[in-house]
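Spelled out, the chains give:
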Amino acid sequence: MTERQKHPLLTLFLLTLIAGVLRFSWIDKPAIWGDEAQTWRRICGSFQQMVDELHVAGFMPGNYLLTWWIKDGFPISGEFKEGPPAQISDPFLRGREPLSTKPRLVFTPTLRLNEDGFEPTPRIMRLLPALCGTLMVPAMYFLASRLVARRTALLVAVFTCFSAYLLNYSRDAKMYMQFWFFAALHVGCLLWWLEAYRKREKPPEPPHLADDNVVEGVRSILPDKHIARIGDAFAVRSAPDRVRSTEYPSRLETTVRWMCWLTSGLAMIAFNAVGLGIVGIEVLIFLATMPLRTHWIIRVVRWTLAKLPRRRKVTENQGIPTPTTAPARCVVSPSEPHPFRFVLPPVIGFALGCAAVVCLWYSYKEFTRFYDRVNPRDEIARMDLNDAGISWVEPYNDGRTAGGYFLYNATAYLMNWEWVKPDELSDVDPRALKLLRYSAASLLIAIGVGVVPWRKLIGKRPAKVSRLRGTLPLTAGFIVACWLLLPAYGFYCASGSWTDNGRRMNAIAPTQFLLKSVFPASANDGTRNLAGALGAQLSNARTARGWAEYHWGQLFVVHGLGDAPVRWWVLGMLAGIGLLVILDRWHTWREKTFLSFRVIGLFALFWLLALLVYVFTPIQGGSIWMPRYLGFIWPAFAISICVLIRRLPFAPVRWLVVAALIGTNLTIFYHRLNDGEPRTDLIGKDYKVALDSDQIRMFARSVTMRGRGGPGYGSMLSMPSVYYSSIFTHQPMSPVNAMGMMRRSLDLDPLGSDFADGIRVRLNRDPKANEYFFWIERYVEEDDDIEPELQEKLGEGWSPAEPPTKWMIYDHWTWRKIYRLERHHWKKAATTQPATTKPR
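Residues numbered from 1 in each chain as written. Predicted model: local features only at pLDDT ≥ 70, side-chain atom pairs only at ≥ 80, totals over all residues. Heavy atoms only, no water.

Student: Looking at this structure, how should I read the packing of helix α20 (residues 402-415) against helix α21 (residues 430-448)?
Tutor: Any two packed helices are characterised by how steeply their axes cross, that is the angle between the axes, and by the distance between the axes. In contact at an axis separation of 11 Å, α20 and α21 are set at 90° when each is read in the N-to-C sense. By the angle between their directions, the pair α20 and α21 is classed as roughly perpendicular. Between α20 and α21, the residues in contact are L407, T411, L414 and M415 and L436, S439, A440, L443, L444 and I447, respectively. Among the residues forming the contact of α20 with α21, the class breakdown is eight nonpolar, two polar and no charged. (Axes fitted to C-alpha atoms, helices over the stretch in contact; angles between N-to-C directions. Helix = DSSP H or I, 4+ residues; strand = E, 2+ residues; numbered from the N terminus. Parallel < 35°, antiparallel > 145°, perpendicular 65-115°, else oblique. Contact = heavy atoms within 4.5 Å. Nonpolar A, V, L, I, M, F, W, Y, C, P; charged D, E, K, R; others polar.)

Next comes the structure, spelled out in structure tokens:
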């Protein structure tokens, strides 16, 4: 093993440096999109205005507080002064609740590290996600090294460094990248903390010889080749070394590790409340890795029995009788501390940490009115997706099957491209679609080949099969599987599935999920009558709480399949697994049998956990499945991918797959920088030029109302254009003013369908105008030139000042074509009238 493999700090440092270069270079590209502009809207005003916005929003405050703190110049002290009443600009709340008109005390910073503050440019807005995206590389190595071998952990760091998915959200001024970073760090700190409580044997002392004279005499009469063996024969260890001594962690060590775990957990929840799902996964991790196992239970029992009095025979010693009872000799080594000191602290510490994380979320839940707004009756059962602002997810997923859900999540995490629905294939460029689909399919197939244990089939068993970082591979695999699949299955159960004909189907139970994998025609009919008394009681209890009723027979009953067709490829895979077990050359049949029973037991436990997810996950009013909402499972996905790559048979094959993975991600990231968003930054610059001069006008025409400014939908009528206009004109802004500017479309008069005649009429009204900018959105199929039409309407006095600039705007999730964007810059013939500047 080389020094780099023993100490990968240099490699990890270089990967972190490369990650920082990729994330901070050209950080203002692509242009700000809708959700980022909404972040700016909430933090562009004072501290109290931001708090008022968060009071009605459903976001945890971490990202907004830190971004406002950076924007305001790092304030470190302040005071409360009497201020104006609250003004809320949240579009979902307007008109539903009267706002208070009473004056109140508001917090005002008085001392800042930078008195002038910072303008919220894209560099300032994206500073936090870029920083957390850079630190994600060592965090993922720290997490992966607790579960898998060190080389595999380095591969996880490489994938994290070049992942187009993480590179994308490292330039997104939202809370996602920060949340994923602290989620990975939180789980890694938990494993690191629990490692301190594992049994660690002290290194033995070197042996010494019983009698040097005897050994020297033996060496003088025996050949040299027997000297080492004879020396070992006469080697004698001291009495304490004959008993295995255990090294226990210090209180300082365990306290520091526990504080790191608790702090990262509080930070995780402060950025996103979905982190409560991570806490649920950590309960499984704690039970799987905590040393509350047989030897610790036996240790506690033995210690307890040793402290109990034990009756002895009465004997006489110099005429004095011995007591009838005497303390039994302790069977625990005197050097070992109290067993409860080793078992109770992690249990108590874990419970306190989880309680602190939940209390932080609950305190913010009492502050915000979001939960009451989206679900005033029963927040556990269902929420109003329209009030929550995610009703757009329903049509976005319309037409996807259950397999389609998982497929487009996998391709998104693998290469930042979501597998396109069948009805949207025509919206993607055929050449780009072919490259994207072939790349995704090739990578998934190549990585999936790693499921086969090639080394056990073609290689010899090594002398020592080492365990991975003190954790059994099956335990690590169970942890990663639970982290990866259980949250995804929960989102699937909450969203339901869509068939190809658009008919809504509720999620199916794990038992039938497995059945349908083999027998696709197995139906759910008749299961309601087969539920039995237990199923009826559970259904009644669920209905009483306002939850949707389930057919509980699906949990316990296996249907008759009749003449249902069979997926033979699934049965072939199962037969292949059995064949691999038979051909395994690394283990004996006894080991294979024991390992098979352990795998079956873990699978049964995972199935029971999936049943609990199915039972206690309420179905929402529509689909809530989005890859970024599920992004906290990306660390488990990355570890799984890298483990499969490391299991490929030959080193050249592994290097080829890694090179293809990195090249695909960097290519998609490059196009995301240059083709991802409409040029709302240039729209803002033209707006500033037109605002400063009374001779320059600006016109815009949008093919649809794009007020929300989703990915690729930024336009003159969206918040991204308001953001850039405010940045370039240096206008003081508040959340209410920003929303008003968007509704007024930047105080412009948008043109209708006859845009050329509209421009002519407006220019004739203003004789001072001798120059104008015209931004127009056009449908994808409209590729004709509009310059002749403009020339015909405006006359010979007007001519283009520069060639028109045209862009094809894409949805950066699927790379569908959305619309064409064009910029036209025209000037009038030279005039003797001097240009003036508008008063500001």
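Right, picking up where we left off after that structure.
Student: Mind showing me how you'd approach the pattern of salt bridges here?
Tutor: Opposite charge on two side chains lets them pair, provided their charged atoms get close. On inspection of all chains with the given rule, the structure shows 22 salt bridges. In this structure, R778 and E782 form a salt bridge, with 3.6 Å as the shortest nitrogen-oxygen distance. Residue E782 is classed as partly exposed on the basis of its relative accessible area, which comes to 27%. A cluster of three or more residues bridged by salt bridges with shared partners is formed by K421, E424, D811 and R816. (Salt bridge = Lys/Arg side-chain N within 4 Å of Asp/Glu carboxyl O. Buried < 20%, exposed > 50% of the residue type's maximum accessible area, 1.4 Å probe, protein only.)

Student: Help me understand the pairing of strand β17 (residues 816-828) in this model?
Tutor: Looking along a regular strand, one sees side chains alternate from face to face of the sheet. Bridge analysis of strand β14 (residues 771-778) against β17 gives eight bridges, and the strand direction is antiparallel. Bridge pairing links W775 to R823 in β17. Across three bridges, the pairing between strand β15 (residues 798-800) and β17 is antiparallel. Bridging across to β17, S799 finds its partner in K827. Here seven bridges tie strand β16 (residues 805-811) to β17, and the two strands are oriented antiparallel to one another. The residue bridging Y810 from the neighbouring strand is K817, located in β17. Between the antiparallel neighbours β16 and β17 lie four residues, among them W815 with a positive phi of about 60°. (Pairing = 2+ DSSP bridges.)

Student: Where do I start with the nonpolar core in this structure?
Tutor: Side chains of nonpolar character tend, in soluble globular proteins, to be buried together. Ranked by internal contacts, the top residues of the largest apolar core, which has 174 residues, are W180, W417 and W634. If we skip the residues at most four places from it in the chain, W634 touches M136, M140, F159, T160, S163, Y165, L166 and Y413. The next biggest cluster of nonpolar side chains, apart from the first, holds 15 residues, and it includes L751, F755, A769 and I786. (Core = buried A, V, L, I, M, F, W, Y, C linked by side-chain atoms within 4.5 Å.)

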